[in-house]
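Read off the chains here:
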Amino acid sequence: MAQLYDRIGVGYRALRVPDPRIAAAITAALGDAASVANVGAGAGSYEPRDRRVIAIEPAGTMIRQRAHDAAPAVRGSGDAIPLRDACVDAALAVLTIHHWPDRARGLAELKRIARLRVVLLTHLMTQPFWLLEYFPGVLEIDRGIMPSLDELERALGPLQVTPVPIPHDCSDGFLGAHWRRPAAYLRDDVRAAISSLARLAPGALHDGVARLRADLDSGAWQERHGELLGRDALDLGYRIVVAQL
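Figured I'd write up the structure that's included with this text. (Residues numbered from 1 in each chain as written. Predicted model: local features only at pLDDT ≥ 70, side-chain atom pairs only at ≥ 80, totals over all residues. Heavy atoms only, no water.)

Thoughts on the overall build of the protein chain
Step number 1: Within the protein chain, the secondary structure is distributed over 12 helices and nine strands.
Step number 2: Compactness check: the protein chain gives a C-alpha radius of gyration of 18 Å against a globular reference of 18 Å for 245 residues, within 12% of the reference.
Step number 3: Overall, the C-alpha framework of the protein chain stretches about 55 × 35 × 30 Å when taken along its three principal axes.
Step number 4: For the protein chain, with 245 residues in total, the buried portion stands at 56%.
Step number 5: Put simply, of all contacts in the protein chain between residues at least 6 apart along the chain, 71% involve residues at least 24 apart.
Step number 6: A total accessible area of about 10800 Å² is found for the protein chain, and carbon and sulfur atoms account for 54% of it.
Step number 7: Counting 29 positive and 29 negative side-chain charges, the protein chain places the centres of these two groups 4 Å from one another. (Helix = DSSP H or I, 4+ residues; strand = E, 2+ residues; numbered from the N terminus. Rg over C-alpha atoms; globule rule 2.2 N^0.38 Å. Buried < 20%, exposed > 50% of the residue type's maximum accessible area, 1.4 Å probe, protein only. Contact = heavy atoms within 4.5 Å. Areas by Shrake-Rupley, 256 points an atom, 1.4 Å probe, with all protein chains shown as cover. Lys, Arg positive; Asp, Glu negative; His and termini not counted. Charge placed at Lys NZ, Arg CZ, Asp CG, Glu CD.)

Below, the structure written as C-alpha cells:
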C-alpha cells in the first residue's frame, strides 16, 4: 500500500477533504473511546480532535501531508502495527483495510491493540453504481480486495453495521463521492485520488473517460440516470462496522 499511495497520494489532502457528515458518523461509532489508533491513517482524514489519537501510516507521501497540528504519526503497516497489546480504547480504520496485503493479520492486529472496540469504514460492493458502466474493471478489482461482512465477523466477532448514505455534495473524493456530479470523473486529478481508478490499465481508463464524456455531451447519461439529480443522498454500499471487544 505504501508504494501505491506514494505514487497517487500527491495532492491527496486537497482532493480528499473529510466530509463532516461522515466524520460525525465515525465519531458516534467511536463512542466513549478516549484513545484511538487510526490505522492506515493517510493524511489524517476523520481523526477525532476531542480525544487522544495516534496515527499509523506506511506511506511517507501521506504522512508529509498531515496538518501541523494533527495527531502524531508512526510509520507502519496495518498487518504489523507497532503498538503494544490493548494500548488504546479503539482501533479505527477508514477506507483502508482493502489495501492491506495480509488483511486477516491486519484485522487481528486491530483487535489486539484495542481495549473496547474496532471501528471500520468500509465499502461493500453490493449496491449498483452507474460509474461501473464506464469503468467495469473497478468491479473486478474491488471485488477481489474488498472484505465481506462474513469475513469481518469471522475476524472480529459480532458486528454492528450502519449504512453511510453518501451526500450529493460529499467533500471527500472517494470512488462514490461524485455520484451526482458525473463530470468530476472526467478530471485527471479527481481520478488520480481514487485508488480503484488509479489501478486500472491506462487503456481501460482512457476508454471509460471517453465514453462518459460522450454520454454527458449527448445527454445519454441524463436519460439513463437523470433521476439521481433529484436525490440528496445515495446508498452505494459504504458501511460503518463496529466490533465491541
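Moving on, there is more to tell.
Section: the nonpolar core
Step number 1: Among the nonpolar cores identified, the biggest contains 46 residues, and Ile 22, Ile 26, Trp 130, Phe 135, Ile 166 and Leu 197 are the most heavily contacted of them.
Step number 2: Secondary structure elements with two or more residues in this core: helix H3 (20–30), strand E4 (88–94), strand E5 (114–123), helix H6 (131–134), helix H11 (202–218) and strand E9 (238–244).
Step number 3: Among all residues touching Ile 166, those that are not within four sequence positions of it are Ile 22, Phe 174, Gly 176, Ala 177, Trp 179, Asp 232, Ala 233, Leu 234, Leu 236 and Tyr 238.
Step number 4: Core analysis: the second largest hydrophobic core is formed by 22 residues, Ile 81, Leu 110, Val 118 and Ala 243 among them. (Core = buried A, V, L, I, M, F, W, Y, C linked by side-chain atoms within 4.5 Å.)

Let's talk about the sheet that holds strand E6 (residues 160–163)
Step number 1: The strand order E3-E2-E1-E4-E5-E9-E6 describes an open sheet built from seven strands, whose pairing is mixed. Each of the sheet's edge strands pairs with one partner strand only, and the pair in question is strand E3 (73–75) and E6. On average, adjacent strands in this sheet sit at an angle of 20° to one another, irrespective of strand direction.
Step number 2: Bridging between E4 and E5 involves six bridges; their strand directions are parallel. Within E5, the residue paired with Ala 91 across the bridge is Val 118.
Step number 3: Docked against the sheet, H3 engages strand E1 (35–39), E4, E5 and E9, running at close to 155° with respect to E5. (Pairing = 2+ DSSP bridges. Axes fitted to C-alpha atoms, helices over the stretch in contact; angles between N-to-C directions.)

Structural notes on the side chain of Asp 215
Step number 1: Along the chain, the position of Asp 215 falls in helix H11.
Step number 2: Taking the relative accessible area as the measure of exposure, Asp 215 reaches 16% and is therefore buried.
Step number 3: The residues touching Asp 215, leaving out its near neighbours within four places in the chain, are Tyr 134, Ala 220, Trp 221, Gln 222 and Arg 224.

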